[in-house]
Amino acid sequence: LCLQVPELEKATVRIRQPERVREIIQSLREQGVAKLQVISDFDMTLSRFGCNGRRCPTSHNILDTSRVISEDGKKKLKDLLHYYYPIEIDPNRTLEEKCPLMVEWWTKAHELLVQQKIHKGDIAQIVRESEAILRDGFKEFFDQLHKNNIPLFIFSAGVGDILEEIIRQANVFYSNVNVVSNYMDFNDDGVLTHFRAPLIHTYNKNNTVLQGTGYFQQLSTRTNIILLGDSMGDLTMADGVPSVENILKIGFLNDKVEEQRGKYLDSYDIVLESDETLDVVNGILRYILTE
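Computed from a predicted structure; not experimentally measured. (Residues numbered from 1 in each chain as written. Predicted model: local features only at pLDDT ≥ 70, side-chain atom pairs only at ≥ 80, totals over all residues. Heavy atoms only, no water.)

A. Representation of the overall build of the chain in the model. Scanning the chain from terminus to terminus reveals 10 helices and 11 strands. A compact globule built from 291 residues would reach a C-alpha radius of gyration of about 19 Å, and the chain, at 19 Å, matches this within 12%. Seen through its principal axes, the chain has C-alpha atoms that stretch 55 × 40 × 35 Å. Buried residues in the chain amount to 56% of all 291 residues. Look at the contacts in the chain between residues 6 or more apart in sequence, and 72% of them connect residues 24 or more apart. Accessible surface, the chain as shown: approximately 13200 Å² in total, 49% of it carbon and sulfur. (Helix = DSSP H or I, 4+ residues; strand = E, 2+ residues; numbered from the N terminus. Rg over C-alpha atoms; globule rule 2.2 N^0.38 Å. Buried < 20%, exposed > 50% of the residue type's maximum accessible area, 1.4 Å probe, protein only. Contact = heavy atoms within 4.5 Å. Areas by Shrake-Rupley, 256 points an atom, 1.4 Å probe, with all protein chains shown as cover.)

Now the structure itself:
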């Protein structure tokens, strides 16, 4: 397979069942572009995890640390992060334990943000001033999908308004991109009043929050999927697809690599360890899409 997709030779790549991966990629290529769709997480999957030795911000972080948040607000949001993030990534806790705690975290964070009276008009500037960076190779990724009319579904527990703005400022918000995320609602004066339901957190990215969107029903002929994620919660993002023929799951293992490696290799077909690029994804797409 490395002959066809040389990017799989990269030192960051780990694959537990190479033969199976080869078969899936082969099927995706043989069945053609008309049957393909891409489903992806956003924060730390399409955006970078780190840069110059520092953590890059998630869409929530961008808002939490921006100039529109008071010092007191920033401190409270940071306290929530320090309390709940270790729970989110704790390999020894079950999903049943984590879910209610994630709802608690997101709800408290959103309430704090609402108290800050954020203006809709400030969002573009907040993003411009932030350190958000999309992964290297993002332009080729978005361009290839757009050029071949392949739907890209971004399913994010982040803040929809922020992540849309990041994609817009990168000039890749094409017509084939569809986002489901936590969106803000503003009043007539453009002031944030609340976040729209349903609340999406790391561990409920599945059918439960997609009911009524009908997105995957419209794409019922797109039965081949490339799924991109960086957490265990991202594995259920394709649950709403009516009938999946082939699915290739690519996982970015960004944090606590040694500790989480086994679990990621059990769950994802291809695991990319501390890889800040979309090289492997682009290489696979290039192979699938070339005549």
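Don't stop here, the text continues.
B. Molecular detail of the pairing of strand S2 (residues 36-40). Counted residue by residue, S2 has five buried out of five residues, so it is predominantly covered. Residues of S2 alternate between two faces, with Leu36, Val38 and Ser40 on one and Gln37 and Ile39 on the opposite face, all of them buried. As defined by bridge partners, S2 adjoins strand S9 (residues 224-229) across five bridges and the pair is classed as parallel. Residue pairing across strands places Gln37 opposite Ile225, the latter belonging to S9. In terms of strand pairing, S2 meets strand S5 (residues 152-159) through three bridges, oriented parallel. Pairing of Ile39 across the sheet is with Phe153, part of S5. (Pairing = 2+ DSSP bridges.)

C. Examining the domain arrangement of the chain more closely. Examined at the domain level, the chain breaks down into domain 1 (6-51 + 133-289) and domain 2 (54-129). A C-alpha centroid distance of 21 Å is found between domain 1 and domain 2. Every contact between the two is made by 36 residues of domain 1 and, on the other side, 31 residues of domain 2. In total, about 2900 Å² of surface goes out of reach between domain 1 and domain 2, with carbon and sulfur atoms giving 68% of it. On the domain 1 side of the contact with domain 2, Ile162, Leu199 and Tyr203 bury the most area, a combined 20% of that side's loss. The interface formed by domain 1 and domain 2 contains zero salt bridges. At the boundary of domain 1 and domain 2, one finds 13 residue pairs in polar contact (both at pLDDT 80 or more). No other element matches the six residues that helix H7 (residues 160-169) contributes to the side of domain 1 that touches domain 2. (Domains from an automatic or database assignment. Buried area = accessible area lost by both parts, 1.4 Å probe. Salt bridge = Lys/Arg side-chain N within 4 Å of Asp/Glu carboxyl O. Polar contact = N/O pair within 3.5 Å; in protein donor to acceptor, adjacent residues only side chain to side chain.)

D. Quick peek at the layout of surface pockets. Size it by volume and the largest pocket reaches roughly 1200 Å³. Along the wall of the largest pocket there are 49 residues; nearest its centre are Arg55, Thr58, Leu81, Tyr85 and Glu88. Every element with two or more residues in the lining of the largest pocket is listed here: helix H2 (59-64), helix H3 (71-88), helix H4 (95-115), S5, strand S10 (246-253) and helix H9 (257-267). Counting residues per element, the lining of the largest pocket draws most heavily on H3, which supplies eight residues. The residue makeup of the lining of the largest pocket, split by class, is 20 nonpolar, 13 polar and 16 charged. The two domains that each donate at least three residues to the lining of the largest pocket are domain 1 (6-51 + 133-289) and domain 2 (54-129). Taken together, Val179, Val180, Ser181, Tyr183, Arg196, Ala197, Pro198, Ile200, Val209, Gln211 and Thr213 make up the lining of the second largest pocket. For the lining of the second largest pocket, the class distribution of residues is seven nonpolar, three polar and one charged. (1 Å grid on protein atoms, 1.4 Å probe; cavity = no way out; pocket = protein on both sides within 12 Å on 5 of 7 lines; lining within 4 Å. Points joined across faces, edges and corners; volume = space filled by probe spheres on them. Nonpolar A, V, L, I, M, F, W, Y, C, P; charged D, E, K, R; others polar.)

E. Geometry of the packing of aromatic side chains. A full pass over the atoms with the stated rule returns nine aromatic pairs. Seen from their ring centres, Trp105 and Trp106 are 5.0 Å apart, and the 65° between their planes marks the pair as edge-to-face. By relative accessible area, which is 8% here, Trp106 ends up buried. On the numbers, 5.5 Å between centres and 65° between planes, the contact of Phe153 with Phe155 is edge-to-face. Phe153 sits in the buried class, given a relative accessible area of 0%. Feature note: the residues Tyr83, Tyr84, Trp105 and Trp106 constitute an aromatic cluster, connected by ring pairs. The side chain of Arg135 reaches across the aromatic face of Phe252, ending 4.0 Å from its centre. (Phe/Tyr/Trp six-rings, centres within 6.5 Å; stacked < 30°, edge-to-face > 60°. Lys NZ or Arg CZ within 6 Å of the ring centre and 35° of its normal.)

F. Representation of the side chain of Arg222 within the structure. Examined against the element boundaries, Arg222 turns out to sit in the loop between helix H8 (215-218) and S9. The buried charged residue Arg222 lacks any salt bridge partner; its closest oppositely charged side chain belongs to Glu245, at an N-O distance of 11 Å. Reaching out from Arg222, the side chain makes a polar contact with the backbone oxygen of Val33 at a distance of 3.0 Å. When sequence neighbours within four positions are dropped, the list of residues in contact with Arg222 reads Val33, Ala34, Lys35, Leu36, Gln37, Asn149, Ile150, Pro151 and Val241. (Lys, Arg positive; Asp, Glu negative; His and termini not counted.)

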